[in-house]
Structures are given as structure tokens and as C-alpha cells.
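Chain by chain, the residues:
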Amino acid sequence: RDLLLALFGVLRGCSGNVLIDGTPVKINSPTAAKSQKIGMALIPEDRKTEGLMLPMTVRDNLSFASLHRISDSGIVNRAKEQKYIDEMIALLGIKTAGTDIAVGSLSGGNQQKVVIGKWINTDADIYIFDEPTRGIDVGAKVAVYHVMNHLIKEGKCIIRVSSELPEVLGMADRVIVMRGGRLMAEIERGSRFFNQNDIMKAAWGGQLA
């Protein structure tokens, strides 16, 4: 998880190089990470403390990360905002009694959909999903899979952290296994090591050969 926070500029004091399309970039804050030059979005693991402003409305939470795209001369264009909100509710299947109710009143699965929808309108190129299906029901999980596939079809890059190995094996093109901050294995889909047993072996410190 520290790696994700470092990539998004939340965790400071880390060393290393970040290259996007072969070009080195410097990310020293979340603002830099989500800038047009870099184009990152982070869907955090803890939606209640890191992903949402629970007392605020569904509308506000969906709009907050993309104010620069729905504003004219610093003033929110309500027509643009409503168009985006309607698109996100339809795309993600967000179930809510209205957009002006507190997001904290929604179910856990619908709160997670709002977190994801909040970032989609930023039109990022790289989406970092940290345990996106933890603590939500099967229906909400399917909606998350759907939106991830939607982003991939649009040419976006997805970095996903998950402890759900069946999900990882079902969706990933490449699996990177880390232990104690060290890279233990990098396994491409199609490799003979692309299976649950070998991934777990690498996670426990075993060598794949």
C-alpha cells in the first residue's frame, strides 16, 4: 500500500524513479499526480476516511475531484455537472434516493461506486484501485468489474491491488508480487507461473524457477 501512496504523492521521503511511457516524472503531491501532465487517479481502500466526505451530498462527492472540468471561470456549470452525475449514476448503477442526500446514507457498495465515479470524470490515464471490492456485495463487485473493463476499453491503464486472487487471475494481464516492500515476482498472463499456487509461493518468499 505504501507504494501506491508514494506513486500518488501522498507518502513523502521515498526514493526511486517513476516513468510514464518511458518518460521520467516527478510526483511530489496528489495535485501533481492528478495533473493533466501525469493524469493519475487513486481509488483508496478505505472509502469512509479516504475516499468520501460522508456528511456531504452524493452530488458534491461525485463532482469534487473534477471541478476544473465542470467549471467556467471558476464557477461550477450546473448543466455540465448534472450531465456528468447522470452519466456516472447510469454507468455505475448507483442506487440513491437522490443526488442531494448525504453520501454516508448509501449502502457500502453504492458508496464505493461514488468513490470510483468521482475519479472517472477527471479523465485520468492511470487509475490505481486499492482493494476496490473489499467489503461490498456481489452485485456491487460486478459493477466495479464492469467499470474497470470500460476504462480498459477506453485505453486507460489500471493498477490494482487486491488480496482476492481469483479476481486477480481473472482480470490481470500482469501480476507483480511484493513482500516487505520488495519485488518478489513479475508474472505475465500466459506464463506457467500465472496461477494461484505460484503467486502464493512468491508472496511467502519462495523463488519461481
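Data block above holds the structure.
Residues numbered from 1 in each chain as written. Predicted model: local features only at pLDDT ≥ 70, side-chain atom pairs only at ≥ 80, totals over all residues. Heavy atoms only, no water.

Engineer: Help me get a handle on the overall build of the protein chain, residues and values and all.
Structural biologist: In terms of helices and strands, the protein chain carries nine helices and nine strands. Here the protein chain has a C-alpha radius of gyration of 18 Å; the compact-globule value for 209 residues is 17 Å, and the two agree. On the principal axes, the C-alpha backbone points of the protein chain span a range of 55 × 40 × 30 Å. Looking at the protein chain as a whole, 41% of its 209 residues qualify as buried. Considering only contacts within the protein chain whose residues lie at least 6 apart along the sequence, 55% involve residues at least 24 apart. If you sum the accessible surface of the protein chain, you get close to 11600 Å²; carbon and sulfur atoms cover 53% of it. (Helix = DSSP H or I, 4+ residues; strand = E, 2+ residues; numbered from the N terminus. Rg over C-alpha atoms; globule rule 2.2 N^0.38 Å. Buried < 20%, exposed > 50% of the residue type's maximum accessible area, 1.4 Å probe, protein only. Contact = heavy atoms within 4.5 Å. Areas by Shrake-Rupley, 256 points an atom, 1.4 Å probe, with all protein chains shown as cover.)

Engineer: An account of the layout of surface pockets is requested, with residue identities and associated values reported.
Structural biologist: Empty space within the second largest pocket amounts to approximately 290 Å³. Elements that contribute at least two residues to the lining of the second largest pocket include exactly α1 (2–7), α3 (47–51) and α6 (108–120). The element contributing the most residues to the lining of the second largest pocket is α3, with three residues. (1 Å grid on protein atoms, 1.4 Å probe; cavity = no way out; pocket = protein on both sides within 12 Å on 5 of 7 lines; lining within 4 Å. Points joined across faces, edges and corners; volume = space filled by probe spheres on them.)

Engineer: Could you give an account of the packing of α6 against helix α7 (residues 138–153), with specific residues and numbers?
Structural biologist: Running from N to C, α6 and α7 point in directions that differ by 15 degrees, and their axes come no closer than 9 Å. Considered as vectors, α6 and α7 are oriented roughly parallel to each other. Crossing of α6 against α7: the hand is left-handed. On α7, the residues touching Gly109, Lys113, Ile116 and Ile120 of α6 are Ala140, Ala143, Val144 and Val147. When the residues that make up the contact of α6 with α7 are grouped by side-chain class, the tally is six nonpolar, one polar and one charged. (Axes fitted to C-alpha atoms, helices over the stretch in contact; angles between N-to-C directions. Parallel < 35°, antiparallel > 145°, perpendicular 65-115°, else oblique. Left-handed = near helix turned anticlockwise from the far one by under 90°. Nonpolar A, V, L, I, M, F, W, Y, C, P; charged D, E, K, R; others polar.)

Engineer: How would you sum up the pairing of strand β9 (residues 182–188)? Please name residues and give values.
Structural biologist: Bridge analysis of strand β8 (residues 174–179) against β9 gives six bridges, and the strand direction is antiparallel. Within β9, the position partnered with Met178 by the bridge is Leu183. If you look at the hairpin formed by β8 and β9, you'll find two residues sitting between the two strands, and Gly180 has a positive phi there, around 60 degrees. (Pairing = 2+ DSSP bridges.)

Engineer: Report on the packing of helix α5 (residues 78–92) against α6, specifying residues and quantitative values.
Structural biologist: For the pair α5 and α6, interaxial distance at closest approach is 10 Å and the crossing angle is 130 degrees. Classed by the angle they form, the pair α5 and α6 counts as oblique. Regarding α5 and α6, the two cross each other, and that crossing is right-handed. Together, Tyr84, Met88, Leu91 and Leu92 of α5 and Lys113, Ile116, Gly117, Lys118 and Ile120 of α6 make up the contact between the two elements. Taken together, the residues that form the contact of α5 with α6 break down as six nonpolar, one polar and two charged.

Geometry only, nothing functional implied.
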